[in-house]
Amino acid sequence: MLRLVLVVRADRGLHAGQLGFPGGQADPADASPLATALREAEEEIGLSPAQVEVLAELEPVQSGPSRFDVQPFLGRIPGDTPWRLSADEIVDVLTPWVGDLARPGVRRELLFRSSHWPEGRLVEGIAVGDHVLWGMTLRLLDPLVPRLLAGEWPL
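Residues numbered from 1 in each chain as written. Predicted model: local features only at pLDDT ≥ 70, side-chain atom pairs only at ≥ 80, totals over all residues. Heavy atoms only, no water.

(A) Layout of the side chain of T81. By the element assignment, T81 lies in the loop between β6 (73-76) and β7 (90-94). The class for T81 is buried, based on a relative accessible area of 8%. (Helix = DSSP H or I, 4+ residues; strand = E, 2+ residues; numbered from the N terminus. Buried < 20%, exposed > 50% of the residue type's maximum accessible area, 1.4 Å probe, protein only.)

This is the structure we're talking about:
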């Protein structure tokens with residue numbers, strides 16, 4: 001069964017406590033957006049670029065209030081990949097089943113709390129364990145999950 005790799009960001013800064021995919025801003029030494037994605041995944045969760053089979057470059061997305069342009073990629077990695085977390089950026093890695101994110105009724109209004117929103121913020125999202133998948137990460141998944149479930153990329 002298909003799983004996603006989601007990171008739980010440290011509880012500080014603009015994206016405090018949020019779920020997301022490994023990734024971040026380009027460095028001047030990065031040769032391409034793909035090089036940035038692979039470097040960031042290695043820095044954040046210890047995922048060696050040699051372990052990643054890149055399947056597709058997905059449609060770019062602009063984040064909400066922070067206005068970052070995000071160039072996502074879809075990759076396949078071995079199921080037994082160990083994680084080595086960057087303690088100052090990432091506090092956990094979650095690997096939910098793709099099918100669980102598409103179940104009817106799983107998406108609803110949830111309360112998201114973090115140091116950035118200590119009083120909480122109601123968001124449209126999906127509960128993943130004790131966390132809320134919402135915002136840009138959810139918008140990235142909206143077109144992707146049906147394509148994954150339809151078998152667009154062979155297992």
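(B) The arrangement of the pattern of salt bridges in detail. Applying the stated rule across the entire model yields 10 salt bridges. The salt bridge involving D27 is made with R39; its shortest N-O contact spans 3.4 Å. Here R39 lies in helix α1 (residues 33-45) and D27 lies in the loop between β2 (19-20) and α1, a separation of 12 residues in the sequence. Overall, D27 belongs to the partly exposed group, its relative accessible area being 36%. (Salt bridge = Lys/Arg side-chain N within 4 Å of Asp/Glu carboxyl O.)

(C) A look at helix α3 (residues 135-149). Between its first and last C-alpha, α3 extends 21 Å over 15 residues, near the 21 Å set by a 1.5 Å rise per residue. A bend of about 40° at D142 is the largest found in α3, and the proline P143 appears one to four places after it. Along α3, the residues that are buried comprise T137, L138, L140, L141, L144, V145 and L148. (Expected span 1.5 Å × (residues − 1). Bend = angle between axes of the 7 residues up to and from the residue.)

(D) A look at the sheet that holds strand β9 (residues 121-128). Sheet architecture is open: 3 strands sit in the order β8-β9-β10, paired in antiparallel fashion. The outermost strands of the open sheet, each flanked by one partner alone, are β8 (107-112) and β10 (131-134). Strand-to-strand, the axes of this sheet are offset by a mean angle of 70°, without reference to chain direction. With 6 bridges joining them, β8 and β9 adopt antiparallel strand pairing. Within β9, the residue paired with L111 across the bridge is L122. Docked against the sheet, α3 engages β8, β9 and β10, running at close to 60° with respect to β10. (Pairing = 2+ DSSP bridges. Axes fitted to C-alpha atoms, helices over the stretch in contact; angles between N-to-C directions. Contact = heavy atoms within 4.5 Å.)

Worth remembering: the numbers are spatial, not functional.
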